[in-house]
Structures are given as C-alpha cells and as structure tokens.
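For reference, the chains in residue letters:
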Amino acid sequence: MAAEIDQGRANEAERRMQFADAAQALAGHELSDQLLRELSHQVAAGAIHADDAISAGMTHLDAQQPSSPVT
C-alpha cells in the first residue's frame, strides 16, 4: 500500500514537471539548470516548500555570478 502511494506521488510530481516544461516551452523558455530542475521536482513532489526552493535556487544562481570589484 505504501509503495502505491509513493508511486502515485512520483507520478503526480512527474506530471506536474511535464506541465511546467510544456508551459515554459510555449513561452520560449527551458529550465536547463539541473539543480533548479531538481528543486522544482522536489516542490512538485511536496518534499520541500516553494519558499525553500526559491531560497536555495537564488543562492545557487548568486554563486554562479562572477563577483565584481566594488569601486
């Protein structure tokens, strides 16, 4: 029974990700960053809150930006 529930959640999370991918594609966008995709999948699965994913995603993106010297 628990395995059925887990599979149902996994299927629903995948369906949500497919919907999000399709919506982004229609708008001419694609989420290609693997960490951001994983965070999105965790939100879709209900494993983390969207606010936590946004915070982690922003930290990830900020870390990728080259630091500029302050003048």
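Here is a short report on the structure shown in this document. In this text, all values refer to a predicted model and were calculated from it rather than measured experimentally.

### Some remarks on helix H2 (residues 34–44)
Listed in full, the buried residues belonging to H2 are Leu36, Leu39 and Ala44. Viewed along the axis of H2, the buried residues span an arc of 140°, placing them on a single side of the element. The opening residue of H2, the one whose side-chain oxygen lies 3.0 Å from the backbone nitrogen of Leu35, is Asp33. Just downstream of H2, Gly46 is the residue with a positive phi angle, here 80°.

### Observations concerning the packing of H2 against helix H3 (residues 50–64)
Remark: H2 packs on H3, axes separated minimally by 9 Å, with the N-to-C direction vectors making an angle of 175°. Accordingly, the angle class assigned to the pair H2 and H3 is roughly antiparallel. For the pair H2 and H3, contact is made by Leu35, Leu36, Leu39 and Val43 and by Ala50, Ala53, Ala56, Gly57, His60 and Leu61, respectively. Partitioned by chemical class, the residues of the contact of H2 with H3 number eight nonpolar, two polar and no charged.

Rules behind the numbers
Residues numbered from 1 in each chain as written. Predicted model: local features only at pLDDT ≥ 70, side-chain atom pairs only at ≥ 80, totals over all residues. Heavy atoms only, no water. Buried < 20%, exposed > 50% of the residue type's maximum accessible area, 1.4 Å probe, protein only. Helix = DSSP H or I, 4+ residues; strand = E, 2+ residues; numbered from the N terminus. Arc of directions from axis to C-beta. Polar contact = N/O pair within 3.5 Å; in protein donor to acceptor, adjacent residues only side chain to side chain. Axes fitted to C-alpha atoms, helices over the stretch in contact; angles between N-to-C directions. Parallel < 35°, antiparallel > 145°, perpendicular 65-115°, else oblique. Contact = heavy atoms within 4.5 Å. Nonpolar A, V, L, I, M, F, W, Y, C, P; charged D, E, K, R; others polar.

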